[in-house]
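So you can see what is in the structure, the chains are spelled out below.
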Amino acid sequence: MTYRIRLLTWMTGMRRTSSASHCTDLRPIGLGLILIWGWMTPLSAEDPGDAQKLLEHRNCRGCDLRRIDLSGANLSGVNLRKADLYDATLIDVDLSEANLRQAYLFEADLQEADLSQADLRKANLTLANLESADLSGANLQEANLEVAQLPFSNLSAANLSKANFSNVILTDADLSEANLSGTNFREADLRRANLQNANLSGAYLWRTNLEGANLNGVNLCGATLPDGAISQQGCN
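All figures in this text were calculated on a predicted structure; none of them were measured in a lab.

Cut-offs and rules
Residues numbered from 1 in each chain as written. Predicted model: local features only at pLDDT ≥ 70, side-chain atom pairs only at ≥ 80, totals over all residues. Heavy atoms only, no water. Helix = DSSP H or I, 4+ residues; strand = E, 2+ residues; numbered from the N terminus. Buried < 20%, exposed > 50% of the residue type's maximum accessible area, 1.4 Å probe, protein only. Contact = heavy atoms within 4.5 Å. Salt bridge = Lys/Arg side-chain N within 4 Å of Asp/Glu carboxyl O. Disulfide = S-S within 2.5 Å. Arc of directions from axis to C-beta. Phe/Tyr/Trp six-rings, centres within 6.5 Å; stacked < 30°, edge-to-face > 60°.

Draft legend 1. Examining the overall build of the protein more closely. The helix and strand tally for the protein stands at two helices and two strands. N-terminal to C-terminal, the α/β element order of the protein is β-β-α-α. Residues counted as buried form 43% of the 236 residues belonging to the protein. Intrachain contacts of the protein at a sequence separation of at least 6 include 9% that bridge at least 24 residues.

Here you go:
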C-alpha cells in the first residue's frame, strides 16, 4: 500500500483555536486522516514502509519510493538524500529547501514543482520532466540532467557548476545570475533562455542552440562555444 499526501499539512502540527482560552490539538486526528486517505487510495510505490516513513517523519534518507505519486504534496524541507524516486510522479509538489542530494530521480515527473533552495548536488535527473519547475537558488552542482526537459523553468541564481545538461531542453528558461561554470550544455536547446549575468566560464556549449537567448553580462571566459571556438569574453 502506498499513500497520496493531499492532507500532509496536518503533519505540521496544525492547531485550531475556538476562542482565546480554548485550543484543540488536531494533530492525532490529522495523522489518522492521512492514513485513512492512504488506505482508500492505494498506489504503486515499491516499498509501502518507506512511504509511511516519509509521511510520518519527513525523513526518508535512502528510501525506496520508486513510482510513488506525491503530486501536490507539501514536502518542504524533507530529507530524501539518496532516495530512489525513479519514475515518481511529483507534479506541483513543494520540495523547497528539501535535501535531495544524490537522489535518484530518473524519469521523474516534476512539472511545476517547487524546488527552490533545494539541495540536489549529484542528483540523477536524467530524462526527468521539470517543465515550469521552480529551481531558483537550488544547488545542482555535479547533478546529471541529461536529456531532461526544463522549458519555462526558473533556475535563477541556482548553482549548476559542473552539472551535465547535455541534450537538455531549456527553452524560455530563466538562468539569470546562475553559476554555470564548467557545466556541460552539449547540444542543449537554450532558445530564448535568459542567461543575463550568468557565469558560464569553462562551460561546454558545443552545438548548443542559443538562438534568441539573452547573453547580456555573461561571463564566457574559457567556454567552448557552439562552433567549437574557445571564448575569451569575461577573462581578466
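Draft legend 2. Looking closely at the pattern of salt bridges. Taken as a whole and judged by the stated rule, the model has eight salt bridges. The closest approach of N and O atoms between Arg192 and Asp172, which form a salt bridge, is 2.9 Å. With Arg192 in the segment after helix H2 (48–57) and Asp172 in the segment after H2, this residue pair connects regions lying 20 residues apart in the sequence. In this structure Asp172 comes out as partly exposed when scored by relative accessible area, which is 25%. A salt bridge links Arg207 to Glu187; the shortest N-O distance between them is 3.9 Å. One end of the pair, Arg207, is in the segment after H2; the other, Glu187, is in the segment after H2, with 20 residues separating them in the sequence. A relative accessible area of 31% means that Glu187 is categorised as partly exposed. Taken together, the salt bridges that share partners define one network made up of Asp64, Arg66 and Asp84.

Draft legend 3. Structural context of the state of the cysteines. Within the structure shown, the criterion is met by two disulfides. The disulfide that involves Cys60 links it to Cys63, with 2.0 Å between the sulfurs. Classification of the bridge connecting Cys60 and Cys63 rests on its S-S torsion, roughly -100°, and on that basis the disulfide is left-handed. Cys63 sits in the buried class, given a relative accessible area of 1%.

Draft legend 4. Structural context of H2. Along H2, the positions that sit buried rather than exposed are Asp50, Ala51, Leu54 and Leu55. Viewed end-on, H2 has its buried residues packed into an arc of 140°, placing them on one side of the element. Backbone geometry just downstream of H2 places Arg58 in the positive-phi region, at approximately 60°.

Draft legend 5. A look at unusual backbone geometry. Backbone geometry places Glu97, a non-glycine residue, at a positive phi of 60°. Mapping Glu97 onto the fold places it in the segment after H2. Notably, Gln102 is not glycine yet its phi reads approximately 60°, a positive angle. Tracing the sequence through the fold places Gln102 in the segment after H2. Among the residues examined, Gln102 registers a relative accessible area of 31% and is labelled partly exposed.

Draft legend 6. Representation of the environment of Leu190 within the structure. As for its placement among the helices and strands, Leu190 is situated in the segment after H2. Since its relative accessible area comes to 1%, Leu190 is described here as buried. Put simply, Leu190 and Val168 are 22 residues apart on the chain and 8.4 Å apart in space, counted from C-alpha to C-alpha. Sequence-distant contacts of Leu190, that is, excluding residues within four places in its chain, are made with Leu170, Leu175, Phe185, Thr208, Asn209, Leu210, Glu211 and Ala213.

Draft legend 7. Examining the packing of aromatic side chains more closely. Going through the model one piece at a time under the given rule, you end up with four aromatic pairs. Arranged with centres 5.4 Å apart and planes meeting at 35°, the rings of Phe165 and Phe185 form a pair that is tilted. Linking Phe165 in the segment after H2 with Phe185 in the segment after H2, this pair joins segments that are 20 residues apart in sequence. Side by side, Phe165 and Phe185 carry an identical accessibility label, which is buried. Feature note: the residues Tyr86, Tyr104 and Phe106 constitute an aromatic cluster, connected by ring pairs.

Draft legend 8. Main features of the environment of Glu131. Along the chain, the position of Glu131 falls in the segment after H2. C-alpha separation for the pair Glu131 and Gln111, spaced 20 residues apart in sequence, amounts to 4.9 Å. The contact partners of Glu131, leaving out residues within four places of it in the chain, are Gln111, Glu112, Gln149, Leu150, Pro151 and Phe152.

The values reported here are purely geometric and, on their own, carry no functional implication.
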